[in-house]
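# Observations on the model geometry
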Amino acid sequence: MTNLAGCPSIVILTGAGISAESGVATFRDKDGLWSKVRIEDVATPEAFLRDPAGVHAFYNARRRGLGAIQPNAAHQALARLERDFDGDFLLVTQNIDHLHEAAGSRAVLHMHGELQKALCVLCDRRSDWIDDLSVESCCPHCNTAGGMRPDVVWFGEMPYRMEEIYERLADCALFVSIGTSGTVYPAAGFADEARHCGALTVEINLEPTGAALFHETRAGPATSLVPAFVDEILSGSDRPFKKA
């Protein structure tokens, strides 16, 4: 591993694989959520207009399921990296769970939203939300019922804060993709963007995606590989860091 001592900036991207080791259900695996329900029924704006109660039921069940889930060693290692790294740090996650924050991470950007938040479509304001949502739920900001939805990005909607993400990718010296298949855009294009701008790109995944965009790929469980990788970043090695 190249020595990252003095590295000015790091962008980390995490996907479902990092939370799967804590017991959070994935979406696209063989037995993932999309093998049990239709995307068109629960994860589009049209589904919510057609059957808001059914969409709420799907996300309420997932929100309740987070109650017993705890962050794992990979989440904790990334929180340590943020705390101890001297340069600029951003953690972008495709996950809508709270496990990065529960582990202590603060510089987290949820590009697909957060399951424990609700968005009012009437006043466009967000609220922390750990209880069930329904069509009768009242917005704490505008005191109006009927406009509350899960604050998650559905198919056909734009992920959050994309302009900021691309700005940080253009400036980062190291980009690391952890636990993501690299098949869902726009996140699938982040490695290409970072490498094009001169960053070192590293993939950590249970199985290699085979993407040629990464200078280095490490295959195995995130709970084993991420803590070791963070140790390397914070301790350095025998070669100076250089952009690709």
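So, on to the overall build of the protein. Looking only at helices and strands, the protein features nine helices and nine strands. The buried share of the protein, taken over its 244 residues, is 48%. Put simply, 66% of the contacts in the protein that link residues at least 6 apart link residues at least 24 apart. Accessible area of the protein: about 11,500 Å², with a carbon and sulfur share of 51%.

Looking now at helix α4 (residues 52-65). Between its terminal C-alpha atoms α4 stretches 20 Å, which fits the 20 Å expected from 14 residues at 1.5 Å a residue. When we look at burial in α4, the residues that qualify are Val55, His56, Phe58, Tyr59, Asn60, Arg62 and Arg63. Buried residues along α4 sit against α2 (39-42), α3 (45-50), β4 (113-120) and β6 (148-152).

Counting buried residues along strand β7 (residues 174-178), five of its five residues qualify, which places the element largely inside the surrounding structure. The pairing of strand β1 (residues 9-14) with β7 spans five bridges and is classified as parallel. Bridged to isoleucine 10 within β7 is leucine 174. Of the strand pairs in this sheet, β7 and strand β8 (residues 200-205) are connected by five bridges, and their pairing is parallel.

Moving on, we get to the sheet that holds β8. What the six strands build is an open sheet, ordered β3-β2-β1-β7-β8-β9; its pairing is parallel. The sheet terminates laterally at β3 (108-110) and β9 (216-219), the two strands that pair on one side only. Going from strand to strand, the sheet's axes swing by 15° on average, the running direction of each strand aside. The pairing of β1 with strand β2 (residues 88-93) spans six bridges and is parallel. Residue threonine 14 lies in a different strand from β2, and its bridge partner there is threonine 93. Helix α7 (residues 162-171) contacts β1, β2, β3 and β7 of the sheet and is inclined by roughly 135° relative to β2.

Considering the arrangement of structural elements, one finds threonine 180 in the loop between β7 and α8 (190-196). Threonine 180 gets classed as buried once you look at its relative accessible area, which sits at 12%. Sequence-distant contacts of threonine 180, that is, excluding residues within four places in its chain, are made with Leu13, Gly15, Gln94, Asn205 and Thr209.

What follows is about the pattern of salt bridges. For the structure on display, the rule yields 12 salt bridges. When the shortest N-O distance is used, the salt bridge between arginine 64 and aspartate 132 registers 2.8 Å. Of this pair, arginine 64 sits in helix α4 while aspartate 132 sits in the loop between β5 (126-128) and β6; the two residues are 68 residues apart in sequence, bridging distant segments of the chain. Between glutamate 216 and arginine 218 there is a salt bridge whose closest N-O contact spans 2.7 Å. Each member of the salt-bridge network shares a partner with another, and the members are Arg38, Asp41 and Arg50.

Spatially, the three strands line up as an open sheet ordered β5-β4-β6, and their pairing is antiparallel. Each end of this open sheet is capped by a strand with a single partner; those strands are β5 and β6. On average, each strand axis in the sheet is inclined to that of its neighbour by 45°, with strand direction left out of account. The pairing of β4 with β5 spans three bridges and is classified as antiparallel. What sits directly across from lysine 117, in β5, is aspartate 128.

Definitions and limits used
Residues numbered from 1 in each chain as written. Predicted model: local features only at pLDDT ≥ 70, side-chain atom pairs only at ≥ 80, totals over all residues. Heavy atoms only, no water. Helix = DSSP H or I, 4+ residues; strand = E, 2+ residues; numbered from the N terminus. Buried < 20%, exposed > 50% of the residue type's maximum accessible area, 1.4 Å probe, protein only. Contact = heavy atoms within 4.5 Å. Areas by Shrake-Rupley, 256 points an atom, 1.4 Å probe, with all protein chains shown as cover. Expected span 1.5 Å × (residues − 1). Pairing = 2+ DSSP bridges. Axes fitted to C-alpha atoms, helices over the stretch in contact; angles between N-to-C directions. Salt bridge = Lys/Arg side-chain N within 4 Å of Asp/Glu carboxyl O.

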